[in-house]
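The primary structure of each chain is shown beneath.
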Amino acid sequence: MFNIKNNPYQLLLLTAIVLLFALLFSPIAKLDFQDVKLFSFPIKTMFWIIPLFHIFLWVLYLLTKKFLYSIASTWIHTIITILVTILILMFLFVGISPSQGITENHETIGSLMQILSLIFILAQLIYLANVLLGLLMAKKIWINDKST
C-alpha cells in the first residue's frame, strides 16, 4: 500500500495519522489548556494544525510528484519535517506540564521552540527548491528537444 522507498512523502501521511490518533485517544485530549497560546494561536488549535499540515504536504507531493527534481531532497525534506515536528511536540508537552527544572529555564524552552520552528520553515524551502528545480530541468529539456 505504501511504497516508502520510492515515495518517502508517504511518511508524512503516516505521521499525520499517528498524530491524529494520539490527539484523539491520549490523555492530552482531556487536558484543559484554558488560554495557553503558542505563536499567537491557541494551543488546542496548534495541536490540530500540525497533523493537518502534514496531510497538506502529502497532498502537495501527490500533486507535484511528476515535477520533483530528486528523491534525495524528498527524503531530506520528509525526514527533517517529521523529526522537527516530533521535537516541537515534545517541547510543547514539556512546556505545558513543566517540572521544577523546566520552570526555572522556561526561556530555554522558548528559544528551542523558536529554533525548531525556523528549522521547520527552512525545511519547507527544500520542498519548494525540489519542485522549482524539477520544473526548470523539465523546461530546459523541453527547450533543448524543441531546438534540435
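Residues numbered from 1 in each chain as written. Predicted model: local features only at pLDDT ≥ 70, side-chain atom pairs only at ≥ 80, totals over all residues. Heavy atoms only, no water.

Visitor: Looking at this structure, I do not really get the overall build of the chain. What am I missing?
Guide: A tally of regular secondary structure across the chain gives five helices and two strands. From first element to last, N terminus to C terminus, the chain shows the α and β order α-β-β-α-α-α-α. A buried classification covers 32% of the 148 residues belonging to the chain. Counting only contacts in the chain whose residues sit at least 6 apart along the sequence, the fraction spanning at least 24 positions is 78%. (Helix = DSSP H or I, 4+ residues; strand = E, 2+ residues; numbered from the N terminus. Buried < 20%, exposed > 50% of the residue type's maximum accessible area, 1.4 Å probe, protein only. Contact = heavy atoms within 4.5 Å.)

Visitor: Looking at this structure, I do not really get the confidence of the model for the chain. What am I missing?
Guide: In low-pLDDT regions, the fine details of the predicted coordinates are not to be read closely. Here the chain shows a mean pLDDT of 80. Residues at 70 or above account for 73%. Here strand 1 (residues 37-38) stands out as the least confident element of the chain, with mean pLDDT 58; helix 3 (residues 71-96) is the most confident, with 87. (pLDDT = per-residue confidence, 0-100.)

Visitor: Help me understand the side chain of T81, please; the structure alone is not making it clear to me.
Guide: Its place among the elements puts T81 in helix 3. Exposure remark for T81: the relative accessible area of 0% places this residue in the buried category. A polar side-chain atom of T81 sits 2.7 Å from the main-chain carbonyl oxygen of H77. Setting aside residues no more than four positions away along its own chain, T81 makes contact with L12, H54, L57, F120, A123 and Q124. (Polar contact = N/O pair within 3.5 Å; in protein donor to acceptor, adjacent residues only side chain to side chain.)

Visitor: It is not clear to me how the environment of A138 should be interpreted in this structure. Could you clarify?
Guide: Secondary-structure assignment places A138 in helix 5 (residues 106-147). The spatial distance from the C-alpha of A138 to the C-alpha of L68 is 9.6 Å, given a sequence separation of 70 residues.

Visitor: I would appreciate a short explanation of the packing of aromatic side chains in the present structure.
Guide: Ring pairs (aromatic) are described by centroid distance and by the angle formed between their planes. Tallying each qualifying case throughout the model produces four aromatic pairs. Ring geometry for F53 against F120: centres 5.4 Å apart, planes inclined by 50°, an arrangement best described as tilted. On the criterion of sequence distance, the pair formed by F53 in helix 2 (residues 43-64) and F120 in helix 5 is long-range, its members being 67 residues apart. You can call F120 buried: its relative accessible area is 16%. Residues Y61 and Y127 carry aromatic rings whose centres are separated by 4.8 Å and whose planes lie at 70° to one another, so their mutual orientation is edge-to-face. Of this pair, Y61 sits in helix 2 while Y127 sits in helix 5; the two residues are 66 residues apart in sequence, bridging distant segments of the chain. The two residues Y61 and Y127 agree in class, both being buried. (Phe/Tyr/Trp six-rings, centres within 6.5 Å; stacked < 30°, edge-to-face > 60°.)

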